[in-house]
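Notes for the structure review
If you want the building blocks of each chain, they are given just below.
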Amino acid sequence: MAIAKANLAKAPQPPMPVGKLGGIDVYGSRRVDAEAVRRVLGVELGKPTVPSRALFRLKEEELRKQYNLAFAKVAFVYFFGGDDAGSAFISVDLVDAEDAQRLRFLPAPSGHPSDPEGLVAQWLAYDWKSEQLMRSGGLNPEGPFTCRVAHCLTGFDHPELASFEPLFLAKVPAAQDALVTVLRQEADEEKHAAAAYLLAYAPTPEQVVARLVPFIRDPSGSVRNGVLRVILANQDKADRPLVDVAVVVDALSMPETLDRNKALHLLEALLRSMKPEALQAQRAPLIRQLGSQLVAMAGLTQPINREPAVLVLEQLSGEKYETAEKWKAWLARQGK
């Protein structure tokens, strides 16, 4: 115990709290059910759960071999705030071998283009300082965060962060093309992702979205996360559609939880921005395309997946239901 306490005292930040397992979601496979996955994982609902990346990788390999899967990923999310504070959720994303087209991504970049105006380095410094402030209690993880553009990571209100945004505002507009080059060519994942966040400072929402949409299917999950976050923030504040519905529908087929939850929020914001007649024209086609997927996601336990799926269903149906079973019954009443 003395050695453990001494090591803890040397740690740069405290360890993540141990969460009670609130749910296990299994998504994406037609032949592997949730109970089979739970048995492979060997975890139990309601029990304290400590994530192990190495163990999860072993379980992913076991699932792939046992069920002939093209993809398997176990993700662990711990909630620090809100109604689910102290709870943890496991999401298991699966792709059957015959559905491997869902794994269609851009080629992995292999270059190292120059950093325009040192902006990428400045963004990484901002991100690092934000993380340290968050861990030390200098920033509230629930915000609110403010910035001068649609998308904020942790804002710039803290004195240690205040100097960064004026730099981004001043230099990004003239560096857009160079930042797109970084986004397309940079092999370093952190630098690659930084370019996506920096493009939030393009002069107009239309320019932001146009620059980022081609990278929705980036090979890096963290880059896809940044691209979708910035597009979503701009669409959420717009009073008109900024992105094609077909692009968002395609994003909903991507394999990972953090891909789909942002794509769901983006679809909800896109539908909300439409004029009534345009929304009406989209309802029947989207229900045919996405109805089963949305109802399945409305039955998941993790809030970041369930809640946006329900919001989209409400937009498409004009109705509200409290349970996944009632949404399933609603879908059964719709025409083919």
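All values reported here derive from a predicted model rather than from experimental measurement. (Residues numbered from 1 in each chain as written. Predicted model: local features only at pLDDT ≥ 70, side-chain atom pairs only at ≥ 80, totals over all residues. Heavy atoms only, no water.)

Attention now moves to the overall build of the protein. For the protein, the count of helices and strands is 14 helices and four strands. Dimensions of the protein, computed from the C-alpha atoms along their principal axes, are close to 65 × 55 × 40 Å. Across the 336 residues in the protein, those meeting the buried criterion constitute 46%. Taking the contacts inside the protein whose residues are at least 6 apart along the sequence as the reference set, 69% of them involve residues at least 24 apart. Approximately 16900 Å² of the protein is accessible, and the part contributed by carbon and sulfur atoms is 54%. Counting 40 positive and 41 negative side-chain charges, the protein places the centres of these two groups 3 Å from one another. (Helix = DSSP H or I, 4+ residues; strand = E, 2+ residues; numbered from the N terminus. Buried < 20%, exposed > 50% of the residue type's maximum accessible area, 1.4 Å probe, protein only. Contact = heavy atoms within 4.5 Å. Areas by Shrake-Rupley, 256 points an atom, 1.4 Å probe, with all protein chains shown as cover. Lys, Arg positive; Asp, Glu negative; His and termini not counted. Charge placed at Lys NZ, Arg CZ, Asp CG, Glu CD.)

Okay, the side chain of arginine 217 next. The residue arginine 217 is located in the loop between helix 8 (205-212) and helix 9 (221-236) in this model. At 2.9 Å, the side chain of arginine 217 and the side chain of serine 253 are in polar contact. Residues in contact with arginine 217, not counting those within four places in the same chain, are Arg102, Arg104, Phe105, Leu106, Arg224, Asp250, Ser253 and Met254. (Polar contact = N/O pair within 3.5 Å; in protein donor to acceptor, adjacent residues only side chain to side chain.)

Evaluation of the coordinates by the stated rule reveals 11 aromatic pairs. Judged by centre distance (5.0 Å) and plane angle (65°), the rings of tryptophan 123 and tyrosine 126 are edge-to-face. Of this pair, tryptophan 123 and tyrosine 126 are both found in helix 4 (residues 119-136), three residues apart, which corresponds to roughly one turn of the helix. Residue tryptophan 123 is classed as buried on the basis of its relative accessible area, which comes to 4%. Of the residues examined, tyrosine 126 reaches a relative accessible area of 0% and is grouped as buried. With centroids separated by 5.6 Å and ring planes inclined at 85°, the aromatic side chains of tryptophan 327 and tryptophan 330 adopt a geometry described as edge-to-face. Here the residue tryptophan 327 and the residue tryptophan 330 both occupy positions in helix 14 (residues 324-332), the gap between them amounting to three residues, near one helical turn. Residue classification places tryptophan 327 among the buried positions, given a relative accessible area of 0%. With a relative accessible area of 2%, tryptophan 330 lands in the buried category. Through pairs of rings, three or more aromatic residues link up here, namely Trp123, Tyr126, Phe156, Phe164, Phe168, Tyr197 and Tyr201. (Phe/Tyr/Trp six-rings, centres within 6.5 Å; stacked < 30°, edge-to-face > 60°.)

Here we come to the pattern of salt bridges. For the structure shown, the criterion picks out 24 salt bridges. With a shortest N-O distance of 3.1 Å, arginine 240 and aspartate 239 are connected by a salt bridge. Residue arginine 240 is classed as partly exposed on the basis of its relative accessible area, which comes to 37%. Put simply, lysine 328 and glutamate 325 hold a salt bridge, and the shortest N to O gap is 3.6 Å. Of the two residues, lysine 328 and glutamate 325 are both situated in helix 14; the distance of three residues between them amounts to about one turn of the helix. Note on glutamate 325: relative accessible area 54%, which makes it exposed. If you follow the salt bridges from partner to partner, you end up with Arg30, Arg31, Glu98 and Asp99 in one network. (Salt bridge = Lys/Arg side-chain N within 4 Å of Asp/Glu carboxyl O.)

Moving on to unusual backbone geometry. Across the chain, the bulk of peptide bonds are trans and the bulk of non-glycine residues have phi less than zero. In the Ramachandran plot, asparagine 68 falls in the positive-phi region, its phi being about 55° despite a non-glycine side chain. Backbone geometry at glutamate 117 places phi at a positive 60°, although glycine is not the residue there. By relative accessible area, glutamate 117 is classed as exposed at 54%.

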